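Chains, contacts and geometry: an overview
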Amino acid sequence: MVPSHVNGRERTYSSAIALRDWFREHNTPVDNINVLTEGAHARRTRLLYQKAFGRNVTVGIIAVSNPDYDPKQ
């Protein structure tokens, strides 16, 4: 996990930029990544990480359920 130090708007994109920059600063080439996110945010998260990392990096999503959400309610 890499902190982005951004509150409010554009947290997801800021997190993607922070991770991308961390890889660059540590001279770590990246061909593909998987991002863990809540299911409701999966599509948007993939889109924003793809925008931050560019076409040469394949972005995968691991969508998990929100433990605070009860689908029976």
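Residues numbered from 1 in each chain as written. Predicted model: local features only at pLDDT ≥ 70, side-chain atom pairs only at ≥ 80, totals over all residues. Heavy atoms only, no water.

**What about the pairing of strand β2 (residues 58–64)?**
Note: strand β1 (residues 32–38) against β2, seven bridges, orientation parallel. Across the sheet, the residue bridging to N34 is G60, located in β2. Read as a crossover between parallel neighbours, the route from β1 over helix α2 (residues 42–53) to β2 is right-handed. (Pairing = 2+ DSSP bridges. Helix = DSSP H or I, 4+ residues; strand = E, 2+ residues; numbered from the N terminus. Right-handed = clockwise from strand over helix to strand, strands pointing away.)

**Brief notes about the pattern of salt bridges**
The full count for this structure, using the stated rule, is one salt bridge. Its salt-bridge partner being R20, residue D21 comes within 3.0 Å of it at the nearest N-O pair. (Salt bridge = Lys/Arg side-chain N within 4 Å of Asp/Glu carboxyl O.)

Honestly, that's just the spatial picture; any functional story needs more than this.
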